[in-house]
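# Working through the structure, step by step
The chain contents come next:
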Amino acid sequence: MDKTSLNKLPSKNNLETKYKQFYPIFKEVLIAIEQKLKTVLSLPSSTTMKSRIKDFNSYYRKFLRIKPKVTENQCIPYLTDLMGIRIICAFLDDLSVVEHQIIQNFSVKEIERKGASLNFKEFGYESVHILIDIPEEILVKAKELGADLSNGCVCEIQVRTILQDAWAEVEHELVYKSEFSPFDLPLKRKLASINASLSLADIIFQEIRDYQTKLNREIDFRRNNFYDKADLITHETMLPGEQTTQKPTSCSSPYVRGTIDDMLLEAIHAHNAGDLDRAVEIYTRIIDSDPKPNNIILAVISKHRGMAYFAQNDYDLALKDFEDSVKFQPDNFRSLYYIGIVNSVKGDNEAAIQYYNKSLEINEFQSHVYYRRALAHFNLGMYTEAASDIANANKLGLDDEDCRRLKNEIMKHFDMNM
């Protein structure tokens with residue numbers, strides 16, 4: 001190294017002094033960026049954030065290695081990862097959501113996809129690295145604190161899944177920190193297999209989540225249809241008022257047949273599509289399968305088949321299935337609620353109240369159960385109890401047209417007796 005090159009190197013002691021001087025300001029800037037990220041990011045699953053500013057020794061080692069360009073008015077020479085935030089997501093699909101939301105809310109200078117170019121024989125962590133400009137309002141805050149960061153200072157945001165982050169941490173300790181690159185082929189294969197296993201686990205987790213999303217969507221639709229039918233019957237027989245219910249439309253199932261999960265998804269889809277015979281047939285096949293499913297599965301499938309029978313107006317079979325569901329899972333408050341609904345539809349309000357009571361003993365935060373118990377009390381002439389149930393339903397946030405109509409009917413009876 002010649003004297004000219006040596007003269008271009010900054011004094012380590014001087015650089016360390018300046019670094020320590022501006023470190024608290026970088027910390028304030030990083031906190032502000034992290035706070036903004038927490039405000040603008042919106043995900044269905046939980047995310048974790050970690051932030052850090054390089055310590056001086058790490059900063060100086062990288063400074064010597066990459067020799068960054070230094071422009072005028074920089075308080076110290078900047079590195080792209082001087083300030084870093086790591087966003088750790090639960091699922092692979094979340095990565096693109098986070099990336100999109102960052103692009104929408106920050107000025108992005110560069111996006112690098114680490115590990116994207118590795119083939120299946122290589123090991124290395126996957127991660128999305130996004131360089132953002134410091135937001136204008138945060139630059140103003142930094143300047144007030146004594147640092148002008150407008151000339152090239154950036155923040156690096158890394159976006160990973162939990163498993164990608166776990167691999168990155170281990171790889172950092174085994175390979176990067178020790179500056180170790182394995183030459184032994186079996187050892188390289190072991191590292192590659194670990195990385196592949198974690199990548200496969202991420203894919204499987206995502207597939208399970210996709211399945212659950214489809215299943216929940218179908219179950220919510222089916223459950224709403226069940227409640228709509230119960231409401232229609234209730235109002236036809238108990239409270240006058242024009243009601244409408246959604247008619248199911250027939251369509252073929254997009255789901256494959258195979259495991260119990262696949263069969264359940266297909267059955268619920270057929271149920272929602274109005275092919276109730278097909279739904280009952282699949283539910284029955286699961287219940288009668290050999291070996292016999294465990295009690296939790298039997299409780300769930302019996303409940304679903306009972307709802308299909310209910311949609312077919314076969315209330316006796318529906319009632320038996322809901323009772324079986326409770327037999328297999330005694331704390332199944334929803335099946336207890338459904339038993340109450342069927343008894344109410346069959347005109348046995350006293351039995352309905354008993355099962356509504358049992359359901360609420362297990363889970364007292366069910367606004368619709370209070371509403372339906374109010375209906376049963378109303379039809380038995382128990383207006384004080386009905387009024388109390390409506391009040392509880394209101395406390396839990398249920399105050400729709402049906403609640404108000406029933407409340408008015410109850411008040412009429414109180415007025416008549418004054």
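In what follows, the accompanying structure is described. Small disclaimer: the values here were computed from a predicted structure and weren't measured.

Parameters at a glance
- Residues numbered from 1 in each chain as written.
- Predicted model: local features only at pLDDT ≥ 70, side-chain atom pairs only at ≥ 80, totals over all residues.
- Heavy atoms only, no water.
- Helix = DSSP H or I, 4+ residues; strand = E, 2+ residues; numbered from the N terminus.
- Buried < 20%, exposed > 50% of the residue type's maximum accessible area, 1.4 Å probe, protein only.
- Areas by Shrake-Rupley, 256 points an atom, 1.4 Å probe, with all protein chains shown as cover.
- Pairing = 2+ DSSP bridges.
- Axes fitted to C-alpha atoms, helices over the stretch in contact; angles between N-to-C directions.
- Contact = heavy atoms within 4.5 Å.
- Core = buried A, V, L, I, M, F, W, Y, C linked by side-chain atoms within 4.5 Å.
- Polar contact = N/O pair within 3.5 Å; in protein donor to acceptor, adjacent residues only side chain to side chain.
- Expected span 1.5 Å × (residues − 1).
- Arc of directions from axis to C-beta.
- Salt bridge = Lys/Arg side-chain N within 4 Å of Asp/Glu carboxyl O.
- Lys, Arg positive; Asp, Glu negative; His and termini not counted.
- Phe/Tyr/Trp six-rings, centres within 6.5 Å; stacked < 30°, edge-to-face > 60°.

So, about the overall build of the protein. Each helix and strand in the protein was counted, giving 16 helices and 5 strands. Residues counted as buried form 44% of the 418 residues belonging to the protein. When the accessible surface of the protein is split by element, carbon and sulfur atoms take 52% of a total near 23100 Å².

One open sheet holds the 5 strands; their spatial order is S1-S2-S5-S4-S3, and the pairing between them is mixed. If you trace the sheet from one side to the other, it starts and ends with strand S1 (47–53) and strand S3 (108–114), each paired once. In this sheet, neighbouring strand axes are inclined to one another by 20° on average, regardless of whether the strands run parallel or antiparallel. Direction of pairing for S3 relative to strand S4 (residues 127–133): antiparallel, over a ladder of 6 bridges. Following the sheet pairing, Arg113 is matched in S4 by Val128. Along the sheet, helix H2 (residues 12–40) contacts S1, strand S2 (83–89), S4 and strand S5 (154–161); its crossing angle with S1, the most-contacted strand, is approximately 165°. Contacting S2, S3, S4 and S5, helix H4 (residues 92–105) runs over the sheet at an angle of about 160° to S5.

Before going further, it helps to examine the nonpolar core. Counting 56 residues, the largest nonpolar core has Phe226, Tyr283, Phe310, Phe322, Tyr338, Ile341 and Leu406 as the members making the most contacts within it. One finds Phe22, Cys75, Ile76 and Ile85 within the second-largest nonpolar core, a separate group that totals 43 residues.

Let's shift gears to helix H3 (residues 56–66). Among the residues of H3, Phe56, Tyr59, Tyr60, Lys62 and Phe63 are the ones counted as buried. Residue Asp55 occupies the N-cap position of H3, its side-chain oxygen lying 3.2 Å from the main-chain nitrogen of Asn57. Lys67 sits one or two positions beyond H3 and adopts a positive phi of about 50°.

This paragraph deals with helix H9 (residues 276–287). Here H9 spans 16 Å end to end across 12 residues, near enough to the 16 Å set by a 1.5 Å rise per residue. When we look at burial in H9, the residues that qualify are Leu276, Ala279, Val280, Ile282, Tyr283, Ile286 and Ile287. The buried side chains of H9 occupy one side of the element, clustering within an arc of 165° when seen end-on.

Turning our attention to the pattern of salt bridges. Scanning the entire structure with this criterion turns up 24 salt bridges. Between Asp81 and Lys62 there is a salt bridge, with the nearest N and O atoms lying 2.8 Å from each other. With Asp81 in the loop between H3 and S2 and Lys62 in helix H3, this pair connects stretches of sequence that are 19 residues apart. Taken as a pair, Asp81 and Lys62 share a single burial class, namely buried. Between Asp321 and Arg305 there is a salt bridge whose closest N-O contact spans 2.8 Å. Of this pair, Asp321 sits in helix H11 (residues 315–328) while Arg305 sits in helix H10 (residues 295–311), and the two are 16 residues apart along the sequence. With a relative accessible area of 2%, Asp321 lands in the buried category. Members of the salt-bridge network, linked through shared partners, are Lys50, Arg86, Arg160 and Asp165.

Between Asp290 and Pro291 the backbone carries a cis peptide bond, its omega angle lying at 5°. Inspection of the secondary structure assignment puts Pro291 in the loop between H9 and H10.

With that settled, consider the side chain of Glu266. As for its placement among the helices and strands, Glu266 is situated in helix H8 (residues 260–273). At 3.0 Å, the side chain of Glu266 forms a polar contact with the side chain of Arg278.

Turning our eyes to something else, we now look at the side chain of Glu156. With respect to the secondary-structure elements, Glu156 resides in strand S5. Lacking a salt bridge, the buried Glu156 has Arg52 as its closest oppositely charged neighbour, with an N-O distance of 4.8 Å. Apart from residues lying up to four places away in sequence, Glu156 is in contact with Thr80, Asp81, Met83, Gly84, Ile85, His129, Ile130 and Leu131.

It is worth spelling out the packing of aromatic side chains at this point. Tallying each qualifying case throughout the model produces 12 aromatic pairs. Measuring from centroid to centroid gives 6.2 Å for Tyr59 and Phe63, while their planes differ by 20°, and the two rings are stacked. Taken together, the positions of Tyr59 and Phe63, both in helix H3 and 4 residues apart, correspond to about one turn of that helix. By relative accessible area, Tyr59 is classed as buried at 0%. Of the residues examined, Phe63 reaches a relative accessible area of 7% and is grouped as buried. With 6.2 Å between their ring centres and 20° between their planes, Tyr60 and Phe63 make a pair best called stacked.

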